[in-house]
Amino acid sequence: QVQLVESGGGLVQAGGSLRLSCAASGRTFSSYAMGWFRQAPGKEREFVARIWSGGSTYYADSVKGRFTISRENAKNTVYLQMNSLKPEDTAVYYCAAGGAWASRRVSDYNYWGQGTQVTVSS
């Protein structure tokens, strides 16, 4: 069992930056693939980025070059650095943990955090 708690959301102007953190419980954090997803009002949850245990990363085209996912296994924490934020990035952001090769599908992930709100004003 893994419990995930996100933090770092907030209100920021377009062009600004935020860093989201996701703290995980459990001693096997390093073996999980970790992902970030987001969900805007009235829309389906969508993939943002994922990182495998070895550090391999993959991004949605909409955030590539602006967002960076990273992890600190010693701290059981995964991060999402978000730069050059746009109003269309406004959503609730969710952290998720999945099997070693989890990628961009919601169904790849078994454990989810409660989400943190990110609002980007124009």
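Calculation rules
Residues numbered from 1 in each chain as written. Predicted model: local features only at pLDDT ≥ 70, side-chain atom pairs only at ≥ 80, totals over all residues. Heavy atoms only, no water. Helix = DSSP H or I, 4+ residues; strand = E, 2+ residues; numbered from the N terminus. Rg over C-alpha atoms; globule rule 2.2 N^0.38 Å. Buried < 20%, exposed > 50% of the residue type's maximum accessible area, 1.4 Å probe, protein only. Areas by Shrake-Rupley, 256 points an atom, 1.4 Å probe, with all protein chains shown as cover. Lys, Arg positive; Asp, Glu negative; His and termini not counted. Charge placed at Lys NZ, Arg CZ, Asp CG, Glu CD. Disulfide = S-S within 2.5 Å.

A. Structural view of the overall build of the chain. Of regular secondary structure, the chain possesses zero helices and 11 strands. Scanning the chain from its N terminus toward the C terminus, one meets helices and strands in the order β-β-β-β-β-β-β-β-β-β-β. Computed over the C-alpha atoms, the radius of gyration of the chain is 13 Å, within 12% of the 14 Å expected from 2.2 N^0.38 for a compact globule of 122 residues. The principal-axis extent of the C-alpha atoms belonging to the chain is close to 40 × 25 × 25 Å. Among the 122 residues that make up the chain, the fraction classed as buried is 43%. Counting only carbon and sulfur atoms, one obtains 47% of the accessible surface of the chain, whose full area is about 6200 Å². Each charge class in the chain was averaged separately, 13 positive and 8 negative side chains, and the resulting centres sit 5 Å apart.

B. Up close: the state of the cysteines. Counted under the stated rule, the structure contains one disulfide. One disulfide in the model links C22 with C95; its S-S distance is 2.1 Å. Judged by the sign of its S-S torsion, about -75°, the cystine formed by C22 and C95 is left-handed. Taken together, the residues span a long stretch of sequence, with C22 in strand β3 (residues 18-24) and C95 in strand β9 (residues 91-98) at a distance of 73 residues. The pair C22 / C95 is uniform in exposure class, with both members buried.

C. The environment of S122, seen in detail. Mapped onto the elements of the fold, S122 is located in the segment after β11 (116-121). Sequence separation between S122 and E88 is 34 residues, and the spatial gap between their C-alpha atoms is 9.6 Å.

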